[in-house]
Amino acid sequence: MLLRPGSVGEVQAILKLANETKTPLVPQGGNTGLVGGQIPFDGELILSLTRLDRIREVDPASNAVTCEAGVVLAKAQEAAAAVDRLFPLSLGAEGSCTIGGNLSTNAGGTGAVAYGIARDLVLGLEVVLADGRMMNLLSKLKKNNTGYDLRHIFVGAEGTLGIITAAVVKLFPRPRAVETAFIAVPSPAAAVKLLNLAQARVGGTVTSFELIIRDVVEFAIKHAHGVRDPLAKRHPWYVLMEVSSQHGDGLRESVEQLLADGSAQGLVEDATIASSLDQAKAFWHMRHVLPEVQKPEGGSIKADVSVPVAAVPQFLEEASAAAKTIIPGCRPVPFGHLGDGNVHFNVSQPIGADTAQFLARWGEVNDVVNKIVLKYSGSISAEHGIGKLKRDSLPKVKDPVALELMRGLKRMLDPNGILNPGKVL
């Protein structure tokens, strides 16, 4: 059964009845999650928030917008742009993912290096609890020290503690100039040094810094519509960098000087700066299709992890070697948000291998990758949550005291276990 409430009052009525009858529910937004957090596995009813799709208020003076949970991310971005503001959360699924889902999974995205992740962008929440009570934490305040800040309990909880029905999120001044560059680098270590150089010298803010291995670029050129090789020659690694500024002049010259300095230091092998908005969109189109172009290559074992930025090169080297040792001939195709240490460490099957046999080793590969992540004090889930697929790994990586407090919070807020059971904990 699919339940589609059209108001907060209807959400309250549904939860009150579900709690009384001990009927489990799975909240669902745009259904774009990658760890099974939004999927009913055991006969639960689906609680879709997509009809709660109003933007209640846009307040440019306070740099805030109040959105209901079912507002599509792209619609929130457009509402901000209409008042000359920026809502910086940006994901490949932004045309279909929703604000409620973004907050429930604590989404990251390509702008986290400059603006932070979803948790950093929320000012206030409206939440319906398991028993149907509505908690109004909607606020535009940046300073509010009246007791515990309860909003952060529900951000990243994947609907296991309460149902987010609305949120106040932060807006920012729109940049007056944006430059996008596609850069060939010899190695991830060189990319880290280039990032540090850019953050120190460029005349603006580094708003995106994506690291991409050549193999997955080949996948994109081969399988995606409208993707061309941005540079004349092949290189082992690339960086997609976006720099923004509140000043209209001088940014391109600043980026050109950065690339010249990077080349002189052996950090840049080749580069091109987008000469038009269409060319910049083409660069980003290549980046956004990377998850889907792995499908035609067969099975893909995926890990969404994060390590300190300085440790990314060592992590990639060790994790790639470990995957190839376990499955000879497999093809690691890592890419992701180098600016915040978030790597999508994906492994494509060997050419001609049996897909089912390859995917059967998912847990074996991820266990080894997770051990390397923990060696560098990283996280086994950078921006997609735990859901169902990573639930069994949580006790292996979470501090036991923290895990017990999480379980206690779940028992307190959802004593009948109706909210997204079997997920996270």
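Residues numbered from 1 in each chain as written. Predicted model: local features only at pLDDT ≥ 70, side-chain atom pairs only at ≥ 80, totals over all residues. Heavy atoms only, no water.

Quick notes on the packing of helix α7 (residues 188–201) against helix α9 (residues 251–264)
At step 1: Between α7 and α9, the least distance of the axes is 10 Å, while the angle of their chain directions is 140 degrees. Here α9 runs oblique to α7, going by the angle between their axes. For α7 against α9, the interelement crossing comes out right-handed. Contacts between α7 and α9 involve L194, L197, A198 and R201 from the first element and S254, L258, D261 and G262 from the second.
At step 2: Considered class by class, the residues forming the contact of α7 with α9 number four nonpolar, two polar and two charged. (Axes fitted to C-alpha atoms, helices over the stretch in contact; angles between N-to-C directions. Helix = DSSP H or I, 4+ residues; strand = E, 2+ residues; numbered from the N terminus. Parallel < 35°, antiparallel > 145°, perpendicular 65-115°, else oblique. Left-handed = near helix turned anticlockwise from the far one by under 90°. Contact = heavy atoms within 4.5 Å. Nonpolar A, V, L, I, M, F, W, Y, C, P; charged D, E, K, R; others polar.)

Some points on the packing of aromatic side chains
Aromatic ring pairs are defined here through the distance separating the ring centres and the angle between the ring planes.
At step 1: Applying the stated rule across the entire model yields four aromatic pairs.
At step 2: Geometrically, the ring pair formed by F182 and Y238 is tilted, given 5.1 Å between the ring centres and 35 degrees between the ring planes. On the criterion of sequence distance, the pair formed by F182 in strand β11 (residues 177–185) and Y238 in strand β13 (residues 237–245) is long-range, its members being 56 residues apart. One exposure class covers both F182 and Y238, and it is buried.
At step 3: An aromatic cluster of at least three residues, connected via ring pairs, comprises F182, Y238 and F283.
At step 4: Sitting above the plane of the F41 ring, K388 keeps its charged end 5.7 Å from the centroid. (Phe/Tyr/Trp six-rings, centres within 6.5 Å; stacked < 30°, edge-to-face > 60°. Buried < 20%, exposed > 50% of the residue type's maximum accessible area, 1.4 Å probe, protein only. Lys NZ or Arg CZ within 6 Å of the ring centre and 35° of its normal.)

Describing the pairing of strand β9 (residues 163–170)
At step 1: Of all eight residues that make up β9, seven are buried, and the element is covered over most of its length.
At step 2: Where strand β7 (residues 122–128) meets β9, six bridges bridge the pair, whose relative direction is antiparallel. Its bridge partner lying in β9, L125 is registered against A167. (Pairing = 2+ DSSP bridges.)

A look at the pattern of salt bridges
At step 1: Scanning the model with the defined rule gives 23 salt bridges in all.
At step 2: A salt bridge links K410 to D414; its shortest N-O distance comes to 2.7 Å. Of the two residues, K410 and D414, both sit in the buried class. (Salt bridge = Lys/Arg side-chain N within 4 Å of Asp/Glu carboxyl O.)

Concerning the sheet that holds strand β20 (residues 347–348)
At step 1: One open sheet accounts for three strands, arranged β15-β20-β17; its pairing is antiparallel. Of all strands in the sheet, those with a lone pairing partner are β15 (300–301) and β17 (331–332), marking the two edges.
At step 2: Two elements, β17 and β20, share two bridges in a ladder whose sense is antiparallel. Each residue of the ladder has a partner; that of P332, found in β20, is V347.

A look at the sheet that holds strand β5 (residues 64–68)
At step 1: Strand order in the open sheet made by the five strands is β4-β5-β9-β7-β8, with antiparallel pairing throughout. Of all strands in the sheet, those bounded by a partner on one side alone are β4 (55–59) and β8 (134–137). Across the sheet, the axes of successive neighbouring strands diverge by a mean angle of 10 degrees, strand direction being ignored.

Observations concerning the packing of helix α11 (residues 312–326) against helix α13 (residues 362–375)
The geometry of a pair of packed helices is captured by two quantities: the angle between their axes and the separation between those axes.
At step 1: Relative to each other, α11 and α13 sit at 155 degrees, their axes nearing to 10 Å. With respect to α13, the element α11 is oriented roughly antiparallel. Handedness of the crossing formed by α11 with α13: right-handed. Facing α11, whose interface residues are F315, E318, A319, A322 and I326, α13 presents E364, V365, V368, V369, I372, V373 and K375.
At step 2: A per-class count over the contact of α11 with α13 returns nine nonpolar, no polar and three charged.

Considerations on the side chain of E68
At step 1: Structurally, the position occupied by E68 is in strand β5.
At step 2: Judged by its relative accessible area of 5%, E68 is buried.
At step 3: From its side chain, E68 meets the backbone nitrogen of D53 in a polar contact 3.3 Å long.
At step 4: Ignoring sequence-local partners within four residues, the contact set of E68 consists of L52, D53, R54, R56, I99, T165 and A166. (Polar contact = N/O pair within 3.5 Å; in protein donor to acceptor, adjacent residues only side chain to side chain.)

With respect to α13
At step 1: Over its 14 residues, α13 extends 20 Å from the first C-alpha to the last, a length consistent with the 20 Å expected when each residue adds 1.5 Å.
At step 2: Every buried residue belonging to α13 is among V365, N366, V369, N370, I372 and V373, and all of these are buried. Around the axis of α13, the buried residues are gathered within 160 degrees of arc, so they sit on the same side. In α13, those exposed residues whose orientation departs by more than 90 degrees from the buried face are K371 and K375.
At step 3: In this structure, the buried side of α13 is in contact with β15, β16 (304–306) and α11.
At step 4: Among the residues trailing α13, S377 stands out with phi positive, at a value near 55 degrees. (Expected span 1.5 Å × (residues − 1). Arc of directions from axis to C-beta.)

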